[in-house]
Amino acid sequence: MYIHQQFCISPQHTANTVNLEELIPSADGKLVALEPALEGVPAGMLRRMSKAVRMGIGAGLPLLKEAMPDGIIIGTANGGMEDCIKFLNQIIDYEEGMLTPGNFVQSTPNAIAGQLSLITKNRSYNATHVHLGLAFENALLDAQLFLREHPGNTYLTGAVDEISTYNYNIDRLAGWYDPALTSTGLFTGSHPATIAGEGAALFLLGGNAAGALAEITAIETVHTPDAQLVTVRFGELLDRLPVTGDTLLLSGENGDNRYQHFYDALESLAAPVPVLRFKHITGEYPTATSFAVWLAVHFLQTGNIPAHFLKKGTLPAAVKQVIIYNHYHGKQHSFLVLSNR
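The structure presented is a predicted model; accordingly, all values stated were derived computationally and were not measured. Each chain carries its own residue numbering, running from 1 in the direction its sequence is written. With the structure being a predicted model, the display of local features is reserved for residues of pLDDT at least 70 and the display and counting of side-chain atom pairs for 80 or more, all residues being used for whole-chain, interface and lining totals. Side-chain numbers come from the whole structure's heavy atoms, not from hydrogens or water.

### Re the overall build of the protein
Helices and strands together make up the secondary structure of the protein, namely eleven helices and eleven strands. Only C-alpha atoms enter the radius of gyration, while the globule expectation follows 2.2 Å times N to the 0.38, with N the number of residues. Taking 341 residues into account, the globule formula puts the C-alpha radius of gyration at 20 Å, and the protein, at 19 Å, falls close to it. Projecting the C-alpha coordinates of the protein onto the three principal axes gives extents of approximately 60 × 50 × 35 Å. Classification of the 341 residues of the protein by burial places 56% in the buried group. Any two residues whose heavy atoms approach within 4.5 Å are treated as being in contact. Across the protein, contacts joining residues at least 24 apart in sequence account for 77% of those joining residues at least 6 apart. Values of accessible area rely on a 1.4 Å probe in the Shrake-Rupley scheme; residue burial ignores everything except the protein chains shown. In the structure as shown, the protein presents an accessible area of about 14,100 Å², 53% of it carried by carbon and sulfur atoms. Only DSSP runs of H or I reaching four residues or more are called helices, and only runs of E reaching two or more are called strands; each is numbered from the N terminus. Only protein chains enter the area calculation, which uses a 1.4 Å probe; residues under 20% of their type maximum are buried, those over 50% are exposed, and those in between are partly exposed.

Here it is as structure tokens:
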């Protein structure tokens, strides 16, 4: 499966002109996405869109200017949760009377894929995967199954998640986020929490290598809190891959010391492969792996890796393969391998 085009909206300068040297720091324990101007979307429709839908539309439309894919597949943990809470509050405020339908329509997880379909008049396969920390990976697997049967097809595939006040407060009280933490100090000291993030990363996938930016050579998922099982699965992956001096390990390390043992074990197993980190520029959110894929493709294409990404090791003269490891809350783990060999 090959990535032919990609677009990313994140808390950094990744949309349109990419600048990963100039970093925007977090505020109040959050890294908030920078939304580009949406062109070609009616103002009336734009006003009613939730942030998650706006980010999904903003990342998807640039890829659909010259393409009519054979399917639109989106992964998300919560969809437009902010609008969902507004709608639920209306039920109470109006005593189940005359409710505003806009908040409900924009809050459903499939609103992103649905709006992309409506705007571009795409009546092909349209699906949304809502599997928390593995939503994006399952969207990729969905596209992969289609492309194995129809390699000439193309599929718009990606993930979107927003910071909603409701979810953030619950996660903060549960100890996942700490407003006192900063992105600049995320990997210093020891703390049992991280910072919140959000974003959208979409990809145009196909089964043909011609003109591709990179190939997704492996997608592995495992649902377990057992670090030993994760290490075994990673070792089996490394046995199948030609890990050479042009390989990088892109780690989803997020500064939460409760789960550092996962990353430490895998880094030792992959040594001496150089290790990169990225959540100091995105924060933590369920589908952050989608940003990691966008970043890996960017590195494979440009070879430009700013020093702040490097955790350990020496960067090779040319990068040909990137192994991505990420997990969500220590239970949902994934490995992805991208290559331009």
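### As for the pairing of strand β2 (residues 71-75)
With five of five residues buried, β2 is to be regarded as a mostly interior element. Neither face of β2 is exposed, since Gly71, Ile73 and Gly75 on one face and Ile72 and Ile74 on the opposite face are all buried. Two elements, β2 and strand β3 (residues 125-129), share five bridges in a ladder whose sense is parallel. Bridge pairing in β3 links glycine 75 to histidine 129. Two strands pair under a simple rule: DSSP has to find at least two bridges between them. In the sheet, β2 pairs with strand β4 (residues 154-161) via four bridges, with the strands oriented parallel. Looking at the pairing, isoleucine 74 lines up with glycine 158 of β4.

### Examining the side chain of glutamate 253
Structurally, the position occupied by glutamate 253 is in the loop between β7 (247-251) and α9 (260-270). Side-chain polar atoms of glutamate 253 contact the side chain of glutamine 260, separated by 3.5 Å. In contact with glutamate 253, not counting residues within four places along its chain, are Phe187, Gln260, Tyr263, Glu267, Arg277, Lys279 and Lys311. Throughout this description, a polar contact denotes any pair of N or O atoms lying within 3.5 Å of each other; where both atoms belong to protein, one of them has to be capable of donating a hydrogen while the other can accept it, and for residues adjacent in sequence the pair is counted only when both atoms sit in side chains.

### Overview of unusual backbone geometry
The linkage connecting alanine 271 with the following residue, proline 272, adopts the cis geometry, with an omega of 10°. Within the secondary structure, proline 272 sits in the loop between α9 and β8 (275-277). Residues other than glycine seldom take positive phi values, yet asparagine 16 does so here, at roughly 60°. Turning to its location among the elements, asparagine 16 is positioned in the loop between β1 (2-9) and α1 (43-48). For asparagine 16, a relative accessible area of 60% translates into the label exposed. Positive phi outside glycine occurs at histidine 329, with the angle close to 60°. Looking at the secondary structure, you find histidine 329 in the loop between β10 (321-328) and β11 (332-339).

### So, the sheet that holds β11
Strand pairing within a sheet occurs via backbone hydrogen bonds; the two strands may be parallel or antiparallel. Within the open sheet, the eleven strands sit side by side as β3-β2-β4-β5-β1-β6-β11-β10-β7-β8-β9. Their pairing is mixed. The open sheet has two edge strands with one neighbour each: β3 and β9 (310-312). Averaged over all pairs of adjacent strands, the angle between strand axes in this sheet comes to 25°, irrespective of strand direction. Sheet analysis places β8 next to β9, joined by two bridges and oriented antiparallel. Looking at the pairing, valine 275 lines up with lysine 312 of β9. As a rule, the C-alpha atoms of each element are fitted with a line to give its axis, helices using only the stretch in contact, and angles between N-to-C directions run from 0 to 180 degrees. Its contacts with the sheet put helix α2 (residues 51-60) on β1, β4 and β5 (199-206), and the angle it makes with β5 is roughly 35°.

### Here's the deal with the pattern of salt bridges
Criterion for a salt bridge: a side-chain nitrogen of Lys or Arg within 4 Å of a carboxyl oxygen of Asp or Glu. In total, this model carries ten salt bridges according to the counting rule given. Between arginine 54 and glutamate 35 there is a salt bridge; the shortest N-O distance is 2.9 Å. Within this pair, whereas arginine 54 is found in helix α2, its partner glutamate 35 is found in the loop between β1 and α1, the two being separated by 19 residues in sequence. The class for arginine 54 is partly exposed, based on a relative accessible area of 23%. Taking the shortest distance from any N to any O, the salt bridge between lysine 312 and glutamate 267 comes out at 3.1 Å.

### What to know about the side chain of glutamate 137
On the secondary structure map, glutamate 137 appears in helix α6 (residues 135-149). For the buried glutamate 137, no salt bridge is present, and the opposite-charge side chain at shortest range is lysine 279, 9.2 Å distant. Polar side-chain contacts of glutamate 137 include one of 3.1 Å to the side chain of threonine 289. Sequence-distant contacts of glutamate 137, that is, excluding residues within four places in its chain, are made with Ile219, Thr221, Thr289, Ser334 and Leu336. This count recognises Lys and Arg as positive and Asp and Glu as negative, with His and chain-terminal groups excluded.

### Describing helix α11 (residues 289-302)
For α11, which comprises 14 residues, the first-to-last C-alpha distance of 20 Å matches the rise-based estimate of 20 Å (1.5 Å per residue) to within 8%. Within α11, burial applies to Thr289, Ser290, Phe291, Ala292, Val293, Trp294, Leu295, Ala296, Val297, His298, Phe299 and Leu300. A positive backbone phi angle near 70° is found at glycine 303, which sits one or two residues after α11. Helix span, expected: 1.5 Å multiplied by one less than the number of residues in the helix.

### Quick word on α6
End to end, α6 covers 22 Å across 15 residues, agreeing with the expected 21 Å (1.5 Å per residue, within 8%). What α6 keeps buried is the set Ala135, Phe136, Glu137, Ala139, Leu140, Asp142, Ala143, Gln144 and Leu147.

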